[in-house]
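# Notes for the structure review
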Amino acid sequence: MSARALVEVEDLEVVLGTGTHRTHALRGVSLTVQEGTSVGLVGESGSGKSTLAKALCGEVPVAGGTIWVGGGEPVAGPHRHTRPQPTMLQMIPQDPYSSLDPRHTAGQAIAEALDPRRPRVRRHRDTIVEWLERVGLPAGSIEKYPHEFSGGQRQRIAIARALCVRPRVIVADEITSALDVSVQAEILELLAELRVDLGLTMLFISHNLAVVKHVCDRVAVIYHGSLVETGDVEDVFTRPREQYTQRLLDSVPGAPGFTLEGD
Ligand SMILES: Nc1ncnc2c1ncn2[C@@H]1O[C@H](COP(=O)(O)OP(=O)(O)OP(=O)(O)O)[C@@H](O)[C@H]1O
């Protein structure tokens with residue numbers, strides 16, 4: 001693992017399902033995420049983006065290859081399958097409607113992340129309020145239940161839950177796809193601010209190339225389970241080397257030179 005790499009994936013193979021539903025979801029994937037950078041992962045639906053995110057979090061079995069998160073021993077590799085330390089890597093879930101337990105208040109949700117063995121709101125009140133405010137929610141949100149929040153507010157709670165343990169790496173898998181277009185930009189703006197404040201390293205998965213261009217320094221293009229092109233986001237999007245990347249860029253309305261609103 002190179003000196004500043006926080007995530008390193010080497011020759012990763014993932015096979016999902018059984019029998020006729022068996023899919024070779026990742027084939028020989030190698031990827032490095034350097035500390036402090038934001039790497040976008042793009043590719044069409046079914047190309048393997050979520051599978052790679054899950055493999056990093058230890059949520060799918062690895063059939064071959066090795067994953068390191070934060071150096072030291074690999075988290076996944078031959079005869080080894082563990083989850084990264086919560087303080088090393090956290091995932092922000094895609095759907096804030098299903099990721100929060102409807103029976104738990106926002107305060108409880110954050111307390112569970114902070115202290116899974118003793119998730120007492122009273123004990124962690126100050127830290128919980130600090131995180132609620134940091135993600136743009138009032139302190140009074142601590143007593144409220146998920147159904148009392150909008151989708152965007154729920155995603156703010158999910159972000160607070162992921163970041164309150166101060167992970168060094170964040171995996172964000174389509175974190176705005178379940179939200180109204182009007183709040184998507186607000187959530188991305190919040191994530192960008194927190195990333196700078198906390199010096200986070202990020203793997204950012206999105207089918208929206210304009211958003212990736214806005215949020216990421218580097219990009220990796222995945223096609224049928226294999227990485228076909230990796231590089232500086234500006235270079236790859238303006239001078240793609242691979243035909244598949246060009247096709248992906250051509251599928252964006254208005255490409256080339258596509259922009260995000262306000263970009
Ligand atoms: N549990 C499973 N069993 C069998 N095949 C699966 C399973 N989960 C995913 N797959 C298959 O693995 C491949 C990669 O899926 P994955 O969800 O990683 O793609 P994706 O790029 O994230 O797609 P999307 O953009 O639609 O979320 C797809 O062919 C998918 O059908």
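What you see is a predicted model, and the numbers here were worked out from it, not measured in a lab. All residue numbers here refer to positions counted from 1 along the written sequence of the relevant chain. Only residues with pLDDT of at least 70 get local features here, since the model is predicted, and only at 80 or more are side-chain atom pairs given and counted; chain-wide, interface and lining totals rely on the full set of residues. Water and hydrogen atoms were dropped before computing side-chain values, which therefore reflect all heavy atoms in the structure.

### Describing helix α3 (residues 106–114)
Any residue under 20% of the maximum accessible area for its type is buried, any over 50% is exposed, and the rest in between are partly exposed; the area is computed with a 1.4 Å probe on protein chains only. In this text, helices come from DSSP runs of H or I with a minimum length of four residues, and strands from runs of E with a minimum of two, each type numbered from the N-terminal end. For α3, the complete set of buried residues consists of Ala106, Gly107, Ala109, Ile110 and Ala111. By the convention used here, residues are in contact when the closest approach between their heavy atoms is within 4.5 Å. Each element contacted by the buried residues of α3 is listed here: α4 (125–134) and α5 (151–163).

### A few points about the site of the ligand
In the region of the ligand, 13 residues are neighbours, and Ser45, Gly46, Lys49, Ser50 and Thr51 sit closest. Between the ligand and Ser45 there is a distance of 2.6 Å, counted from an oxygen atom to a side-chain nitrogen or oxygen. Between the ligand and the protein, one listed contact pairs an oxygen atom with a side-chain N or O atom of Lys49 at 2.8 Å. The accessible surface values rely on the Shrake-Rupley method and a 1.4 Å probe; as for residues, cover is taken only from the protein chains in view. About the coverage of the ligand: the protein hides 61% of its 640 Å² of free accessible area. Of all the elements in the fold, those that place two or more residues in the shell around the ligand are β2 (23–34) and α1 (49–56). If you tally residues by element for the shell around the ligand, the top one is α1, at 3 residues. We call a residue near a given molecule or strand whenever any one of its heavy atoms falls within 4 Å of it. We define a polar contact as two N or O atoms separated by no more than 3.5 Å, with the added condition that, inside protein, one atom must be a possible hydrogen donor and the other a possible acceptor, whereas residues neighbouring each other in sequence contribute only through side-chain atom pairs.

### Considerations on unusual backbone geometry
Backbone geometry at Asp11 places phi at a positive 50°, although glycine is not the residue there. For Arg166, which is not glycine, the phi dihedral falls at a positive 55°. Mapping Arg166 onto the fold places it in the loop between α5 and β8 (169–173). Look at Arg166 and you get partly exposed, because its relative accessible area is 47%.

### Concerning the UniProt feature "domain: ABC transporter" (unreviewed entry) in the protein
UniProt positions are given in the numbering used here, feature names are shortened, and annotations may be inferred rather than shown by experiment. Residues annotated in UniProt with the feature "domain: ABC transporter" (unreviewed entry) correspond here to residues 7–249. With 34% helix and 26% strand, residues 7–249 has end C-alpha atoms that lie 27 Å from one another.

### Details of the pattern of salt bridges
For this document, the term salt bridge refers to a Lys or Arg side-chain nitrogen within 4 Å of an Asp or Glu carboxyl oxygen. Applying the stated criterion across every chain yields a total of 8 salt bridges. Ionic pairing is found between Arg168 and Glu35, a salt bridge with its closest N-O pair at 3.1 Å. Pair noted here: Arg168 is in the loop between α5 and β8 and Glu35 is in the loop between β2 and β3 (38–42), with a separation of 133 residues, a long-range link. Note that Asp101 is salt-bridged to Arg103, the shortest N-O span being 2.8 Å. On the basis of relative accessible area, Arg103 is assigned to the exposed category, the value being 63%.

### Things to note about the domain arrangement of the protein
As a measure of interface size, the accessible area lost when the parts come together is often cited. An automatic or database domain assignment is the source of the domain bounds shown. Considered domain by domain, the protein is made up of domain 1 (1–88 + 169–253) and domain 2 (96–166). Contacts between the two partners involve 14 residues from domain 1, matched on the other side by 14 residues from domain 2. The buried area of a pairing is the accessible area, by a 1.4 Å probe, that goes missing from both parts when the two are put together, added over both. Both sides together, the interface formed by domain 1 and domain 2 hides about 1200 Å², and carbon and sulfur atoms give 74% of it. Of all residues in domain 1, Leu190, Leu194 and Leu198 bury the most surface against domain 2, accounting for 36% of the area lost on that side. Here domain 1 and domain 2 share 1 salt bridge between them. Here Arg156 ties to Glu186 by a salt bridge, and the two come within 3.5 Å at their closest N and O atoms. Applying the counting rule to domain 1 against domain 2 returns 2 residue pairs in polar contact (both at pLDDT 80 or more). Take the side of domain 1 that touches domain 2: its biggest share by element is 7 residues, from helix α6 (residues 181–198).

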